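Listed below, chain by chain, are the residues.
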Amino acid sequence: MPVPLFDPTSSQAPLRADIRAAVHRVLDSGHFILGPEVDAFETELAAYLGANHAVGVANGTDALTIALRALGVGPGDEVVVPSFTFWASAEAIPPTGAVPVFCDVDPDTLCVSAETVKAVLTPKTKAVIAVHLFGNVAPVAEIEALGVPVVEDAAQAAGSTSAGGRPGALGTIATFSFYPSKNLGAMGDGGAITCKDADVAERVRTLRFHGSADKVDYVDIGYNSRLDELQAAILRVQLPHLDKWGAARAAAGDAYAAALEGVVRLPRAAAGSRPAWHLYVIHHDEVDRLAGALAAAGIGARSYYRTPVHAQPPMAPWAPRVPLPATEQAARTHLAIPMSAALAPAQIAEVCEAVKSAVLPAR
Ligand SMILES: *Cc1c(COP(=O)(O)O)cnc(C)c1O
């Protein structure tokens, strides 16, 4: 049986009647932008995360740009960001007027660390984007101890936990994406910003609404970037299931690790964390051959970040100032294998057999 790389619809299937009811509730209300569903979702998301404030926005990319603007990031500033991440983590920086400064990742966690950030800090550094890559948890407190605020890019880490709390409530401000394939997925685009400070939250609310409170008086050049009522209502149905889904992703990771230890290089959870793996990413020197063998066996597998962000042509003006050896190595060797909250033990066994027969010498 083929095993897909990801499968968001299976875990949503038991909720379809509730999702339909939520959609009908919004249709009947006739209220589509910034109404009771968004208000309620913001309250529920903040409570789930242990964050003081949550503000819905249109997507995870806008969330990053708006979060940076809310911290006062602008022209003349530098923002530290990893290069081994989804493009949007860095793409969100130039629209603020600031420049991206690329840093390396920790070779074990594939997240930024205090060490990799420290290597590129300058007096112009205004913020660090710490990506909780693949659901793993970056050491936000250690980075903020360097004296610079962190924007957590938690787009891939909904449902993960760590000793210091949940991603989204570990630092100054954090961003989420509810793109359909994420751990908490809408049925369209959506995003959110969470933060500690009430003044920062207020700036975020103003920025997402054209830099205004009322569309009469304007205090800033802002954005039209709102989470809509339909998506908020759909997300409210799913949020109570996120912990269960996160635990299922973590357990699937445990099953992979038990079967594949010593076969390929495995992802390592950051100390004290329990990642709700968004992607389960293994490493192998002959990654193309492995990917080909898995494809032939009907198993979804993909290398997402083969060209690191800094090496993509539009980032040419911001060439890295330090070598990025862990980034280059991860880009060359990584391969995501199937992961979802609905991955069955038989599917995991099938994937592991295919990986073993591709990389172990024939007996
Ligand atoms: C998906 C993602 C984003 C962007 O979110 P969108 O909602 O697609 O704009 C940003 N950062 C990371 C790490 C992501 O995975």
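The structure we're discussing is the one just above.
Every value quoted in this text rests on a predicted model; they were computed, and no experiment measured them. (Residues numbered from 1 in each chain as written. Predicted model: local features only at pLDDT ≥ 70, side-chain atom pairs only at ≥ 80, totals over all residues. Heavy atoms only, no water.)

> How should the pattern of salt bridges be read in this particular structure?
Close approach of charged atoms allows side chains with opposite charge to pair. Inspection of every chain in the model, using the stated rule, returns 13 salt bridges. Salt-bridge contacts for glutamate 44 lead to arginine 236; the nearest nitrogen and oxygen are separated by 2.8 Å. Residue glutamate 44 is located in helix H3 (residues 36-49), and its partner arginine 236 is located in helix H9 (residues 229-238); the two are separated by 192 residues in the primary sequence. Assessed through its relative accessible area of 25%, arginine 236 is described here as partly exposed. Residues glutamate 286 and arginine 289 are paired through a salt bridge, measuring 2.8 Å at the closest nitrogen-oxygen approach. The exposure class assigned to glutamate 286 is partly exposed, which follows from its relative accessible area of 43%. (Salt bridge = Lys/Arg side-chain N within 4 Å of Asp/Glu carboxyl O. Helix = DSSP H or I, 4+ residues; strand = E, 2+ residues; numbered from the N terminus. Buried < 20%, exposed > 50% of the residue type's maximum accessible area, 1.4 Å probe, protein only.)

> So what exactly am I meant to see when it comes to the nonpolar core here?
One broad trend across soluble globular proteins is that nonpolar side chains are buried collectively. One finds Phe84, Ile129 and Ile173 to be the most contacted residues of the largest nonpolar core, which totals 60 residues. Top contributing element to this core by residue count: helix H4 (residues 60-70), with 6 residues. When residues of this core are assigned to domains, at least three map to each of domain 1 (8-240) and domain 2 (242-359). With near-sequence residues (within four places) excluded, phenylalanine 84 lies in contact with Val105, Leu110, Leu133, Phe134, Tyr305, Thr327, Ala330, Ala331 and His334. In terms of nonpolar packing, the next biggest core, distinct from the first, is built from 25 residues, Leu260, Val287, Met339 and Val351 among them. (Core = buried A, V, L, I, M, F, W, Y, C linked by side-chain atoms within 4.5 Å. Domains from an automatic or database assignment. Contact = heavy atoms within 4.5 Å.)

> Teacher, can you tell me more about the site of the ligand here?
Near the ligand, the surroundings consist of 13 residues, among which Gly60, Thr61, Asp153, Ser177 and Lys182 are the closest. Contacts to the ligand include glycine 60, whose backbone N or O atom sits 2.8 Å from an oxygen atom. A distance of 2.9 Å is found between an oxygen atom of the ligand and a side-chain nitrogen or oxygen belonging to glutamine 156. For the ligand, the protein covers 92% of the area, taking 380 Å² as the surface of the free molecule. For the shell around the ligand, the secondary structure elements donating two or more residues are H4 and helix H5 (88-91). A per-class count over the shell around the ligand returns 4 nonpolar, 7 polar and 2 charged. (Near = heavy atom within 4 Å. Polar contact = N/O pair within 3.5 Å; in protein donor to acceptor, adjacent residues only side chain to side chain. Areas by Shrake-Rupley, 256 points an atom, 1.4 Å probe, with all protein chains shown as cover. Nonpolar A, V, L, I, M, F, W, Y, C, P; charged D, E, K, R; others polar.)

> How should the packing of helix H2 (residues 16-29) against H9 be read in this particular structure?
To describe two helices that pack against each other, one gives the angle between their axes and the distance between the axes. At a minimum axis distance of 9 Å, the contact between H2 and H9 shows a crossing angle of 150 degrees. Taken together, the axes of H2 and H9 lie roughly antiparallel to each other. Considering how the two elements wind past one another, H2 and H9 form a crossing that is right-handed. Counted together, Asp18, Ile19, Ala22, Val23, Arg25 and Val26 of H2 and Glu229, Leu230, Ala233, Ile234, Arg236 and Val237 of H9 form the full contact between these two elements. In the contact of H2 with H9, the residues fall into 8 nonpolar, no polar and 4 charged. (Axes fitted to C-alpha atoms, helices over the stretch in contact; angles between N-to-C directions. Parallel < 35°, antiparallel > 145°, perpendicular 65-115°, else oblique. Left-handed = near helix turned anticlockwise from the far one by under 90°.)

In short, shape yes, function no, at least from these values alone.
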